[in-house]
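Here is what each chain is made of, one letter per residue.
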Amino acid sequence: MNPDAFVHLHVHSEYSLLDGACRLKALCRQVREHGQTAVAVTDHGNLYAAVAFYDAAKEAGIKPIIGCEVYLAQRSRRDRDPLLDGKSYHLLLLCENETGYRNLIKLVSLSNLEGFYRKPRVDWELLQQYHEGLICLSACIAGEIPRLLLDNDYAGAKCAALRYRELFGEGNFFLEVQNHGIPEEREVLPQLVRLSRETHIPLAATNDAHYLNRSDAQTHKILL
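Residues numbered from 1 in each chain as written. Predicted model: local features only at pLDDT ≥ 70, side-chain atom pairs only at ≥ 80, totals over all residues. Heavy atoms only, no water.

### A short note on the overall build of the protein
Turning to step 1, where the next piece is worked out: A tally of regular secondary structure across the protein gives 8 helices and 7 strands.
Turning to step 2, where the next piece is worked out: Going through the 224 residues of the protein one by one, you find that 48% of them count as buried.
Turning to step 3, where the next piece is worked out: In the protein, once contacts between residues fewer than 6 apart in sequence are set aside, the share between residues at least 24 apart is 73%.
Turning to step 4, where the next piece is worked out: Accessible area for the protein stands at about 11400 Å²; split by element, carbon and sulfur atoms hold 51% of it.
Turning to step 5, where the next piece is worked out: Between the centroid of the 25 positive side chains of the protein and the centroid of its 29 negative side chains there is a distance of 2 Å. (Helix = DSSP H or I, 4+ residues; strand = E, 2+ residues; numbered from the N terminus. Buried < 20%, exposed > 50% of the residue type's maximum accessible area, 1.4 Å probe, protein only. Contact = heavy atoms within 4.5 Å. Areas by Shrake-Rupley, 256 points an atom, 1.4 Å probe, with all protein chains shown as cover. Lys, Arg positive; Asp, Glu negative; His and termini not counted. Charge placed at Lys NZ, Arg CZ, Asp CG, Glu CD.)

### Here we look at helix 6 (residues 154–168)
Turning to step 1, where the next piece is worked out: With 15 residues, helix 6 extends 21 Å between its outermost C-alpha atoms, agreeing within 8% with the 21 Å of an ideal straight helix rising 1.5 Å per residue.
Turning to step 2, where the next piece is worked out: Among all positions in helix 6, only Y154, A157, A160, A161, Y164, L167 and F168 are buried. End-on view of helix 6: buried residues confined to an arc of 150°, all on one side of the axis. Away from its buried face by more than 90 degrees, helix 6 exposes A155 and E166.
Turning to step 3, where the next piece is worked out: Looking one or two residues past helix 6, G169 carries a phi angle of roughly 100°, positive in sign. (Expected span 1.5 Å × (residues − 1). Arc of directions from axis to C-beta.)

### Quick word on the packing of helix 6 against helix 7 (residues 183–199)
Turning to step 1, where the next piece is worked out: Where helix 6 meets helix 7, the axes come as close as 11 Å, and the angle between the chain directions of the two elements is 55°. Here helix 6 is positioned oblique relative to helix 7, judged by the angle of their axes. Pair helix 6 / helix 7 crosses with right-handed handedness. Residues Y154, A157, K158, A161, L162 and R165 of helix 6 lie in contact with helix 7, whose contacting residues are Q191, R194, L195, E198 and T199.
Turning to step 2, where the next piece is worked out: The residue inventory of the contact of helix 6 with helix 7, partitioned by class, reads 5 nonpolar, 2 polar and 4 charged. (Axes fitted to C-alpha atoms, helices over the stretch in contact; angles between N-to-C directions. Parallel < 35°, antiparallel > 145°, perpendicular 65-115°, else oblique. Left-handed = near helix turned anticlockwise from the far one by under 90°. Nonpolar A, V, L, I, M, F, W, Y, C, P; charged D, E, K, R; others polar.)

### Considerations on the environment of G100
Turning to step 1, where the next piece is worked out: Inspection of the secondary structure assignment puts G100 in helix 3 (residues 98–113).
Turning to step 2, where the next piece is worked out: Accessibility expressed as a relative area gives 0% for G100, which makes it buried.
Turning to step 3, where the next piece is worked out: Setting aside chain neighbours within four positions, we find G100 in contact with C95, E132, G133 and L134.

### Things to note about the nonpolar core
Turning to step 1, where the next piece is worked out: With 52 residues, the main nonpolar core has L93, L104, L107, L127, I145, F168 and F173 as its most contacted residues.
Turning to step 2, where the next piece is worked out: With residues near it in sequence (within four places) discarded, L104 still touches L47, I66, G67, C68, L93, C95 and L134.
Turning to step 3, where the next piece is worked out: By size, the runner-up hydrophobic cluster in this structure holds 8 residues, among which are A38, I65, I135 and L137. (Core = buried A, V, L, I, M, F, W, Y, C linked by side-chain atoms within 4.5 Å.)

### Quick look at the side chain of S16
Turning to step 1, where the next piece is worked out: Relative to the helices and strands, S16 is located in the segment before helix 1 (24–33).
Turning to step 2, where the next piece is worked out: Of the polar contacts made by the side chain of S16, one reaches the side chain of H12; its length is 3.1 Å.
Turning to step 3, where the next piece is worked out: When near neighbours in sequence (up to four residues on either side) are disregarded, S16 contacts D43 and H44. (Polar contact = N/O pair within 3.5 Å; in protein donor to acceptor, adjacent residues only side chain to side chain.)

### A look at the pattern of salt bridges
Turning to step 1, where the next piece is worked out: Inspection of the entire model under this criterion finds 12 salt bridges.
Turning to step 2, where the next piece is worked out: A salt bridge links R23 to E14; its shortest N-O distance comes to 2.9 Å.
Turning to step 3, where the next piece is worked out: In this structure, E144 engages R163 in a salt bridge whose closest nitrogen and oxygen atoms are separated by 3.1 Å. Here R163 lies in helix 6 and E144 lies in helix 5 (residues 144–150), a separation of 19 residues in the sequence.
Turning to step 4, where the next piece is worked out: Taking the relative accessible area as the measure of exposure, E144 reaches 12% and is therefore buried. (Salt bridge = Lys/Arg side-chain N within 4 Å of Asp/Glu carboxyl O.)

### Digging into the environment of A50
Turning to step 1, where the next piece is worked out: Along the chain, A50 falls in helix 2 (residues 50–60).
Turning to step 2, where the next piece is worked out: Under the relative-accessibility criterion, A50 is labelled buried at 9%.
Turning to step 3, where the next piece is worked out: Between the C-alpha atom of A50 and that of C22, which follows or precedes it by 28 residues, the distance is 14 Å.
Turning to step 4, where the next piece is worked out: When sequence neighbours within four positions are dropped, the list of residues in contact with A50 reads I66 and Y101.

### Description of the state of the cysteines
Turning to step 1, where the next piece is worked out: Tallying each qualifying case throughout the model produces 0 disulfides.
Turning to step 2, where the next piece is worked out: Unpaired in this structure, C95 has its nearest cysteine sulfur neighbour in C68, at a distance of 9.2 Å. (Disulfide = S-S within 2.5 Å.)

This is the structure we're talking about:
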């Protein structure tokens, strides 16, 4: 496969507040310079970048993929128990079409209006209602499936993977694989491959991009 065919599907712009450092115009210019034809922006829990990103991508002559790394409540978005609801799963959602964009707007809006507890959270009820037109990736090691694998619950992870596929549909759910040299990622990688082989859910390789160049690492560290 031509390496230039790679498309970044997991990118955090400056609108992932105090976390991402990719400026939108610079991101789109760099994608074009690398010979890539498209890029996604998937900020944490918000769509603040959507319009500016769309304009910057069109100006650079590349395809914009609007997305979001949402926070998924472990129970209901309305639950507020600090012991049970203090941590939420990550889930990556990408717009396939205008219906998906409108549904993602609803999900992000309701995550703030109804689900906010430490983070803006969606839940399974909202995903069931607003999943049409969205492509879903299982996210980084903070996603539900990797968390279950790290807890040595392979059966639970497989059950969750099949549940996501059933909801989003065949070809619209992917097991996301990353390798940044983090021990937890290396631990779950072979299990995700096994899960893909057993369920025939395809893999999607991503890089959890928070800045553009190696030289930006220290600046990003200061930001954090």
